[in-house]
Amino acid sequence: MPVLPSAPPGGPTEAARPPAAGWPAVVAVTLGLFAIVTTEILPIGLLTSIGADFTVSDGAAGLAMAVPGLLAAVSAPMVTVATAGADRRLVLHALALLLTVANVVAAVAPGLPLLLVSRMLVGVTIGGFWSVGSGLAERLVPPEAAGRATAVIFSAVPLGSVLGVPAGTLVGDLAGWRTAFAALAVLAAGVLAALLATVPPLPPLLATRPAVLGEVLRRPGTRAAAFLTFLVVLAHFGTYTYVTPFLERVTGLDDGAVTAFLLAYGAAGVLGTFLGGPRAARHPRYVFGAAAGLLAAATLLLPVLGGGPAGALVLLAAWGVAYGAVPAASQALFVRAAPDAPEAASVLFTAAFQATFSLGAFAGGGVLDRTSPSTLMALGGCVAAVAALTALVAARRRPG
């Protein structure tokens, strides 16, 4: 396997590293990712409200979830390559501003088409910010603290579920879904201010050119990581995007109870992140397989045991624990395949994750409109089971 250079000819080198900025900068980046995660998945809790306001089906309203993932998958490599020689701090500033604009547009959208335009802007932000921001921990704190800083940055994923989405859903229930997006616009503006105040100049250490991405993508480990990510993310977002219709129609919950259940899911997701995250660095395939297996069990059992609040709550919590470990395990697989090109690994991780996010939300909406929430859960569980078996077989052949 060829080793990629540490910097392009004439480009910045390790000597160009700025002094460590410290934890305030780590917190600012984490807050940015928290705002992005919350913005991306907020429509899950507001899906029926958006659909009712625009007089469209739940499946059509689900396009608000599908569109950002599609754009993120495309923009992850495009933004990273287009800004390869730019200060990473300035890239983060521009993307935080774009996120603010996107949420303002969503808050005032008179119909579904303009809402989807705002979600396209969110997708560009996701692709660029995740690809650049997720790998900055080691440049912001001393080397001995890089592992903890990385864990803090990735905690934005479950925290977006445990705090952001339930809080946004509650605001939407009380004051309308548009107010929830307006609040996110204010949060995104605050992120921009925090980034301006705390993050130092960050010249690129390794410019991520198309040739670098192509070389990393051709590695067998990268393709295997992409395939496993495709399966489990398809299963998760094909079903979780439409968990609100399931809880309302099958479990029989009202808006307040749905918000509480989403909060329980998010809290379980935080637990899953801290249980699976440290182990994923050492044994990503086993962690991935276990998480996919638990996700499969939860979604397959929901149509059977989720007709009552108790069963639905237990299974939703198990689902949260399972999915909480998935991003760290997926990222670990990509990084293991390309330890010499961490930003390229982050780009491909983001692209694979977001492309499947979009496909899952889109496919799930089509299934929901043609069948039922219970059928959708069962189909998602079958896909997750395939992911679990694939990961565990791979781990037995090559332990890790």
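Residues numbered from 1 in each chain as written. Predicted model: local features only at pLDDT ≥ 70, side-chain atom pairs only at ≥ 80, totals over all residues. Heavy atoms only, no water.

### A look at the overall build of the protein chain
Along the backbone of the protein chain there are 19 helices and zero strands. Its C-alpha atoms put the protein chain at 60 × 50 × 30 Å along the principal axes. For the protein chain, with 400 residues in total, the buried portion stands at 57%. Residue pairs at least 24 apart in sequence account for 87% of intrachain contacts in the protein chain once pairs closer than 6 positions are excluded. For the protein chain, the accessible surface area stands at approximately 14,700 Å², while carbon and sulfur atoms represent 73% of it. (Helix = DSSP H or I, 4+ residues; strand = E, 2+ residues; numbered from the N terminus. Buried < 20%, exposed > 50% of the residue type's maximum accessible area, 1.4 Å probe, protein only. Contact = heavy atoms within 4.5 Å. Areas by Shrake-Rupley, 256 points an atom, 1.4 Å probe, with all protein chains shown as cover.)

### Some remarks on the pattern of salt bridges
Within this structure, the stated rule accounts for three salt bridges. A salt bridge links Asp-53 to Arg-178; the nearest nitrogen and oxygen atoms lie 3.5 Å apart. Of this pair, Asp-53 sits in helix H2 (residues 43–54) while Arg-178 is found in helix H10 (residues 177–198), placing the two residues 125 residues apart along the sequence. What makes Arg-178 partly exposed here is its relative accessible area of 27%. In this structure, Glu-215 and Arg-219 form a salt bridge, with 2.8 Å as the shortest nitrogen-oxygen distance. A residue is classified by how much of its surface remains accessible, and Arg-219, at 4% relative accessible area, is buried. (Salt bridge = Lys/Arg side-chain N within 4 Å of Asp/Glu carboxyl O.)

### As for a nonpolar patch on the surface
Together, Leu-70, Val-74 and Met-78 line one region of the surface with nonpolar side chains, adding up to about 290 Å² of accessible area. Within the secondary structure layout, Val-74 lies in helix H4 (residues 63–82). (Patch = residues over 30% accessible without salt bridge, like charges linked within 9 Å, V, L, I, M, F, W, Y side chains within 5 Å.)

### Notes on the environment of Gly-190
Mapped onto the secondary structure, Gly-190 falls in helix H10. Measuring from C-alpha to C-alpha, the distance between Gly-190 and Leu-31 comes to 9.1 Å, with 159 residues separating the pair along the chain.

### Things to note about the confidence of the model for the protein chain
Overall, the predicted model of the protein chain reaches an average pLDDT of 83, with 92% of residues at or above 70. Segment residues 1–19 is flagged for pLDDT under 50; beyond a separation of four residues in sequence, or across chains, it makes 35 contacts in the model. (pLDDT = per-residue confidence, 0-100.)

### What about the nonpolar core?
Counting residues in each nonpolar core, the largest one holds 100 residues, and the members touching the most others are Leu-195, Leu-247 and Trp-319. Setting aside residues no more than four positions away along its own chain, Leu-195 makes contact with Ala-28, Val-29, Leu-92, His-93, Ala-96 and Phe-129. By size, the runner-up hydrophobic cluster in this structure holds 16 residues, among which are Ala-64, Ala-106, Leu-116 and Trp-177. (Core = buried A, V, L, I, M, F, W, Y, C linked by side-chain atoms within 4.5 Å.)

### What about the packing of aromatic side chains?
Throughout the structure, instances matching the rule amount to eight aromatic pairs. Ring geometry for Phe-237 versus Tyr-323: centroids 5.8 Å apart, planes at 85°, classification edge-to-face. With a gap of 86 residues between them, Phe-237 in helix H12 (residues 220–240) and Tyr-323 in helix H16 (residues 309–324) connect regions that are remote in the sequence. Here Phe-237 falls in the buried class, since its relative accessible area comes to 5%. Of the residues examined, Tyr-323 reaches a relative accessible area of 8% and is grouped as buried. With centroids separated by 5.5 Å and ring planes inclined at 55°, the aromatic side chains of Phe-349 and Phe-353 adopt a geometry described as tilted. Of the two residues, Phe-349 and Phe-353 are both situated in helix H18 (residues 342–370); the distance of four residues between them amounts to about one turn of the helix. Of the two residues examined, Phe-349 and Phe-353, each falls in the buried class. Clustering of aromatic rings is evident, with ring pairs tying together Phe-54, Trp-177 and Phe-181. (Phe/Tyr/Trp six-rings, centres within 6.5 Å; stacked < 30°, edge-to-face > 60°.)

### A closer look at the side chain of Thr-350
Counting through the fold element by element, Thr-350 comes out in helix H18. Setting aside chain neighbours within four positions, we find Thr-350 in contact with Ala-76, Ile-126, Gly-127, Trp-130 and Ser-131.

### Details of the packing of helix H15 (residues 284–305) against helix H17 (residues 326–337)
At their nearest, the axes of H15 and H17 sit 9 Å apart, and the two run at 150° to each other. Between H15 and H17, the interaxial angle falls into the category roughly antiparallel. Considering only the axes of H15 and H17, their crossing is left-handed. Listed contacts from H17 to Pro-284, Arg-285, Val-287, Phe-288 and Ala-291 of H15 are Val-326, Ala-329, Ser-330, Ala-332, Leu-333 and Arg-336. Along the lines of polarity and charge, the residues of the contact of H15 with H17 split into eight nonpolar, one polar and two charged. (Axes fitted to C-alpha atoms, helices over the stretch in contact; angles between N-to-C directions. Parallel < 35°, antiparallel > 145°, perpendicular 65-115°, else oblique. Left-handed = near helix turned anticlockwise from the far one by under 90°. Nonpolar A, V, L, I, M, F, W, Y, C, P; charged D, E, K, R; others polar.)

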